[in-house]
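As a plain string of letters, each chain reads:
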Amino acid sequence: MEYFLIIIAAIFVNNIVLSQFLGICPFLGVSNKLSTASGMSMAVCFVITLATLVTWLINRYFLLPEGIFGVDLTFLRTIAFILVIASLVQMVEIVLKKISPSLYQALGIFLPLITTNCAVLGVAIDVVTKQFTFGGEAHYLNLGETMVYAFATSLGYGLAMVIFAGLREHLALNNIPKSFRGVPIALITVGILALAFMGFSGMVK
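Reading the values: the criteria
Residues numbered from 1 in each chain as written. Predicted model: local features only at pLDDT ≥ 70, side-chain atom pairs only at ≥ 80, totals over all residues. Heavy atoms only, no water. Helix = DSSP H or I, 4+ residues; strand = E, 2+ residues; numbered from the N terminus. Buried < 20%, exposed > 50% of the residue type's maximum accessible area, 1.4 Å probe, protein only. Lys, Arg positive; Asp, Glu negative; His and termini not counted. Salt bridge = Lys/Arg side-chain N within 4 Å of Asp/Glu carboxyl O. Polar contact = N/O pair within 3.5 Å; in protein donor to acceptor, adjacent residues only side chain to side chain. Contact = heavy atoms within 4.5 Å. Patch = residues over 30% accessible without salt bridge, like charges linked within 9 Å, V, L, I, M, F, W, Y side chains within 5 Å. Areas by Shrake-Rupley, 256 points an atom, 1.4 Å probe, with all protein chains shown as cover. Axes fitted to C-alpha atoms, helices over the stretch in contact; angles between N-to-C directions. Parallel < 35°, antiparallel > 145°, perpendicular 65-115°, else oblique. Left-handed = near helix turned anticlockwise from the far one by under 90°. Nonpolar A, V, L, I, M, F, W, Y, C, P; charged D, E, K, R; others polar. Phe/Tyr/Trp six-rings, centres within 6.5 Å; stacked < 30°, edge-to-face > 60°. Lys NZ or Arg CZ within 6 Å of the ring centre and 35° of its normal.

Focus on the side chain of E145
Structurally, the position occupied by E145 is in helix 7 (residues 143-172). Buried charge without a partner: E145 forms no salt bridge, and the closest opposite charge is R60, 12 Å away. Within the local environment of E145, its side chain forms a polar contact with the side chain of H139, the two groups lying 3.3 Å apart. Once residues lying within four places of it in the same chain are set aside, the contact partners of E145 are E2, Y3, I6, H139 and Y140.

Concerning a nonpolar patch on the surface
A contiguous nonpolar surface patch, about 570 Å² in accessible area, is contributed by L57, Y61, F62, I68, F69 and V71. Among the structural elements, F62 can be located in helix 3 (residues 34-63).

Brief notes about the packing of helix 7 against helix 8 (residues 183-197)
For the pair helix 7 and helix 8, the least separation of the axes is 11 Å and the interaxial angle reads 135°. Considering the angle they form, helix 7 stands oblique to helix 8. Relative to helix 8, helix 7 is oriented so that their crossing is right-handed. Judged by residue contacts, L159, A160, I163, F164, L167, R168 and L171 of helix 7 engage I185, A186, T189, V190, L193 and F197 from helix 8. Split into classes, the residues belonging to the contact of helix 7 with helix 8 amount to 11 nonpolar, one polar and one charged.

What to know about the packing of aromatic side chains
Any pair of aromatic rings gets described here by the distance separating the centres and the angle formed by the planes. Within this structure, the stated rule accounts for six aromatic pairs. Relative to F69, the ring of F62 has its centre 5.8 Å away and its plane inclined at 50°; by these criteria the two rings are tilted. Over the ring of Y61 we find R60, and its NZ or CZ is 5.1 Å from the ring centre.

Thoughts on the environment of F200
Position of F200 relative to the elements: it lies in the segment after helix 8. C-alpha separation for the pair F200 and A9, spaced 191 residues apart in sequence, amounts to 8.8 Å. Setting aside its immediate chain neighbours within four residues, F200 contacts F12 and V13.

Focus: the packing of helix 1 (residues 2-13) against helix 7
Following both chains from N to C, one finds helix 1 and helix 7 inclined at 30°, their axes separated by 7 Å at the closest point. Classed by the angle they form, the pair helix 1 and helix 7 counts as roughly parallel. Viewed along their axes, helix 1 and helix 7 form a crossing whose handedness is right-handed. Two secondary-structure elements touch here, helix 1 through E2, Y3, I6, I7, A10, I11 and F12 and helix 7 through G144, E145, V148, Y149, A152, T153, L155, G156 and L159. Of the residues that constitute the contact of helix 1 with helix 7, the class distribution is 11 nonpolar, three polar and two charged.

This is the structure in structure tokens:
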């Protein structure tokens, strides 16, 4: 039951983009087409899940005082996590270039931008520093809960991006007033989408 609550909370209630406002740059930049939005969502999903797993293990066994070294190295947490995320993004970039050159070209500059996507780093830091309450007392997430939370959060990111991309493609077929075309109508749309997701607040505490 707790895992179910984590999934609902991460995808709908505390959506990483629409509630926490993390990862806005690629969210706005790659959501012009549904195809590129789907590709970016899958790449971000993979990076968030794998990066959170690796960073949780690094924090638990190397950075915390009860780790292997027996010394408090948590002051190195941010730089260590950034290095892990940068390495994983490079790996994703190499794999995409080999497997799907068209998607690699379509993503363009936004693929390397996953390295600086604050959603990836935000999730990695949250699971090791923040106490969560899912139907019980506040506690730090264990490895299983961390993986479920990371994957569900990335699904929430992908869901928001795909919905937004679909809305933007539909808007492109309409006669939008000149002053609202481009970024203005995109920001208005994402604002309304965020208001829609606010309807899920209170489902999980």
